[in-house]
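Architecture at a glance
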Amino acid sequence: MASRLPRYRSSSPERTLMAPALKRKAQDQNDPPVRKIHKPLSKSITSTAPKPLTKPRPPTLTAGTRATQISDLTKQLGEAKSQAREHIHALNLANDEIATLKRTHSMQVSELEYDIRKGQLQVEELDQDLQLARTEVQKLRENVNQLTSTGQDMQQQLSNDAEVIAALRAEVEALKSEAIDAESVRRQLHNTIQELKGNIRVFCRVRPDPSPELANVSYSKEKRDIVVTSTSESATGQQRKDVHSFTFDRVFEPHATQAEVFEEVSQLAQSCTDGYNVCIFAYGQTGSGKSFTMEGGQTEETAGMIPRAVDQVFRVTNDLKSRGWEYTLEGQFLEIYNETINDLLASSSSATSTSSTSSSPQYNIKHDPQTRTTTVTNLTSVPLTSPAHVRSLLLRSQSRRSVASTLMNEHSSRSHSVFRVKIEGVNETNGERCVGWLNLVDLAGSERLNVSFAGSVGPGAERLKETQNINKSLSSLGDVISALGEKGANGEKHVPYRNSKLTYLLQYSLSGSSKTLMILNLSPLAAHLNESLNSLRFATKVNNTTIGTAKSSKQSR
Ligand SMILES: Nc1ncnc2c1ncn2[C@@H]1O[C@H](COP(=O)(O)OP(=O)(O)OP(=O)(O)O)[C@@H](O)[C@H]1O
């Protein structure tokens, strides 16, 4: 019995030190310490209860027996006392245990109350959150309702807009068709104006020069006349003033800009997109500004007629897309040096005439009278994609040009350069087609033999040959233009196109179906006066020529 009690003693401290969590765990396992303790305690108390004292025997016993009995009883009493003490001790221990358990229990109750309060607070918070969420949901519902109503309004608006768009589309289609008709009328009117202006026109442009030794040149207010005054000696030795007056379609004074010149040229560039062949020449003595006029400088301001005309062709063909036209542009660039053709767009490995071998490509001019088109065999033809592309081609070809020095201009070009653009258009809307050629020609210098020729042997002989060829082709050009002008209505007069490569190449761009512009470039220097007068006379001869009515290559399907 006594061996059971220490078990309680040893377990009690463990229980009082146990963490609340562990205590709860113990409760969860349905093993409350109180019950555990009560059971063994009651058992222990019951099992250790004092046995009832035996009833004293009657006093008939002997003294010895009595003494023995007394001794036994004393012994029993001692044992009973000892048992009672043990019971009292056990009861004390049990009381202590109960007090400890009561404290533990009270702590557990407090903890549980705390947890309950905490739980209640959480429930309150959750209630508030729920309330807020309900309000939010309510607002969202209202928003959804508003959006649904806006969406319905928008749908209505869209269907209204779709009707307006359909009406506008129909209007655009009608306007497009009107524009196509208007474009045909514009083309007719444009070409009537060009015909009225004359299919051969001559502009005169005088180069600026800061030198004080300038020739005596004056200009009319109407910008059409140029008057050159020279002095000469009469047969009697007297100084005489000769006044030479020339009239052209337009005269540009030295301060005229590239843009001002192009303003007048642009009308012709426009004609190419309408299916006409156009030829623009720069004519003049070496150093008079031909290359500047045709090619110009690298800036927007100084860009010459070639890049400006090409820009315009791209602009016009692009604008015409809205009227049903689709154009393709192709470019060729060649030079005629000493009556031989060089391909300026050929790959660098291809040889030019100056270093020609038997394997060099042969450039022969072929005409097709049926379609009135001219082709040059083996000549490179490049599809032109943009104005920038054309400028890069011009730069590339410039380095290939035959350049040699002469007395008059150290880096003078000694060849005619011809930049040709084929402009082919198709209008799928009305079935019209057209092909026009734009020929932009920078002629070689027109100076006379005795001025630029340095000697008759070595390099001088080479220069002499160049100058002879240049002058031959330039006079052939004059002859062709004169013959065209003299040609009667029935066209019997022979036109000597074959006399030079240049005129043969440009045969279909100079005759009846073409428009020609010659820009005469003049040097204002007194030293160049005689050359200037020669150029002015040549240009006047060209200006007085009238070529028959131009015909567009336009065809209908
Ligand atoms: N209108 C102008 N404004 C400014 N500079 C010009 C003008 N015309 C010509 N020049 C300048 O005069 C010089 C000679 O001009 P350019 O080379 O164009 O002459 P060219 O007639 O083509 O000569 P060549 O027959 O030798 O080719 C160049 O330096 C050029 O820049």
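Remember, predicted model here, so these are calculated numbers, not experimental data. (Residues numbered from 1 in each chain as written. Predicted model: local features only at pLDDT ≥ 70, side-chain atom pairs only at ≥ 80, totals over all residues. Heavy atoms only, no water.)

1. Observations regarding the overall build of the chain
When helices and strands are tallied, the chain shows 13 helices and 15 strands. When each of the 557 residues of the chain is scored for burial, the buried share is 39%. Taking the contacts inside the chain whose residues are at least 6 apart along the sequence as the reference set, 73% of them involve residues at least 24 apart. With the model as given, the accessible surface of the chain reaches about 31500 Å², and the carbon-plus-sulfur share is 54%. (Helix = DSSP H or I, 4+ residues; strand = E, 2+ residues; numbered from the N terminus. Buried < 20%, exposed > 50% of the residue type's maximum accessible area, 1.4 Å probe, protein only. Contact = heavy atoms within 4.5 Å. Areas by Shrake-Rupley, 256 points an atom, 1.4 Å probe, with all protein chains shown as cover.)

2. Focus on the pairing of strand β1 (residues 200-206)
Burial analysis of β1 places seven of its seven residues in the buried class, the great majority of the element. Residues of β1 alternate between two faces, with Ile200, Val202, Cys204 and Val206 on one and Arg201, Phe203 and Arg205 on the opposite face, all of them buried. In the sheet, β1 pairs with strand β14 (residues 514-522) via seven bridges, with the strands oriented parallel. When the bridges of β14 are listed, Cys204 appears paired with Leu520. Pairing of β1 with strand β5 (residues 250-252), which is carried by three bridges, proceeds in the parallel orientation. Across the sheet, the residue bridging to Arg205 is Phe252, located in β5. (Pairing = 2+ DSSP bridges.)

3. Details of the packing of aromatic side chains
Tallied over the entire structure, the rule returns five aromatic pairs. Here the aromatic rings of Trp325 and Tyr327 are separated by 5.7 Å at their centres, their planes lie at 25°, and the arrangement is stacked. Comparing Trp325 with Tyr327, the two get one shared label, buried. Consider the rings of Phe333 and Phe419, whose centres lie 5.1 Å apart with planes at 75°: the pair is edge-to-face. Taken as a pair, Phe333 in strand β7 (residues 325-337) and Phe419 in strand β12 (residues 416-427) lie far apart in primary sequence, 86 residues in all. If you follow Arg420 out to its NZ or CZ, it ends over the ring of Trp437, 4.2 Å from the centre. Over the aromatic face of Tyr276 sits the side chain of Lys515, whose NZ or CZ is 4.4 Å from the ring centroid. (Phe/Tyr/Trp six-rings, centres within 6.5 Å; stacked < 30°, edge-to-face > 60°. Lys NZ or Arg CZ within 6 Å of the ring centre and 35° of its normal.)

4. Some points on the pattern of salt bridges
Following the criterion strictly, the structure yields six salt bridges and no others. Among the ionic pairs, Lys422 bridges to Glu424, the shortest N-O distance being 3.7 Å. On the basis of relative accessible area, Glu424 is assigned to the partly exposed category, the value being 30%. (Salt bridge = Lys/Arg side-chain N within 4 Å of Asp/Glu carboxyl O.)

5. Observations concerning unusual backbone geometry
Unlike most non-glycine residues, Asn338 shows phi in positive territory, near 50°. Despite not being glycine, Glu339 shows a phi value in the positive range, around 65°.

6. Describing the UniProt feature "binding site: ATP" (unreviewed entry) in the chain
Following the UniProt record, the feature "binding site: ATP" (unreviewed entry) maps to Gly284, Gln285, Thr286, Gly287, Ser288, Gly289, Lys290 and Ser291 here. Here Thr286 shows up in the loop between β6 (277-284) and α6 (290-294). On the accessibility criterion, Thr286 (3% relative accessible area) is buried. Secondary-structure assignment places Ser291 in helix α6. (UniProt positions renumbered as here; feature names shortened; annotations may be inferred.)

7. Overview of the environment of Glu424
Along the chain, the position of Glu424 falls in strand β12. The residues contacting Glu424, other than those within four sequence positions of it, are Glu326, Tyr327, Thr328, Cys434 and Val435.

8. So, the pairing of strand β4 (residues 239-247)
Bridging between strand β3 (residues 225-233) and β4 involves nine bridges; their strand directions are antiparallel. Bridging from a neighbouring strand, Thr229 pairs with Val243 of β4. Adjacent in sequence and paired antiparallel, β3 and β4 are bridged by five residues, among which Gly237 carries a positive phi angle near 85°.

9. Some words on the sheet that holds β4
Strand order in the open sheet made by the three strands is β2-β3-β4, with antiparallel pairing throughout. If you trace the sheet from one side to the other, it starts and ends with β2 (216-219) and β4, each paired once. Sheet twist, expressed as the average angle between the axes of neighbouring strands with direction ignored, equals 25°. Sitting on the sheet, helix α13 (residues 529-543) touches β3 and β4, and the angle it makes with β4 is about 35°. (Axes fitted to C-alpha atoms, helices over the stretch in contact; angles between N-to-C directions.)

10. Remarks on the nonpolar core
Of all hydrophobic cores here, the largest spans 47 residues; its most connected members are Ile226, Phe248, Phe281, Leu506, Met518 and Leu536. At the level of elements, β1, β3, β6, β7, α10 (459-486), α11 (501-505), β14 and α13 are the ones that each hand at least two residues to this core. Ile226 has contacts with Cys204, Val206, Val217, Ser218, Tyr219, His244, Ser245, Phe246, Phe248, Val251, Leu522 and Leu536, leaving out every residue within four places of it along the chain. In terms of nonpolar packing, the next biggest core, distinct from the first, is built from 40 residues, Trp325, Leu329, Val382 and Val421 among them. (Core = buried A, V, L, I, M, F, W, Y, C linked by side-chain atoms within 4.5 Å.)

11. Details of the side chain of Thr104
Along the polypeptide, Thr104 turns up in helix α4 (residues 63-197). Only 2.8 Å separates the side chain of Thr104 from the backbone oxygen of Thr100, close enough to count as a polar contact. (Polar contact = N/O pair within 3.5 Å; in protein donor to acceptor, adjacent residues only side chain to side chain.)

12. A look at the environment of Pro254
Residue placement: Pro254 occurs in the loop between β5 and α5 (258-273). On the basis of relative accessible area, Pro254 is assigned to the partly exposed category, the value being 28%. It is 5.0 Å that separates the C-alpha atoms of Pro254 and Arg207, two residues lying 47 residues apart in sequence.

13. Description of α5
The α-helix advances 3.6 residues per turn, and as a result positions three or four apart in sequence lie on the same side. Here α5 is 16 residues long and its end C-alpha atoms lie 22 Å apart, about the 22 Å a rise of 1.5 Å per residue gives. The axis of α5 is deflected most strongly, by about 45°, at Glu264. Among the residues making up α5, those that are buried are Gln258, Val261, Phe262, Val265, Ser266, Leu268, Ala269, Gln270, Ser271, Cys272 and Thr273. Remark: Gly275 follows α5 within two positions and exhibits a positive phi of approximately 95°. (Expected span 1.5 Å × (residues − 1). Bend = angle between axes of the 7 residues up to and from the residue.)

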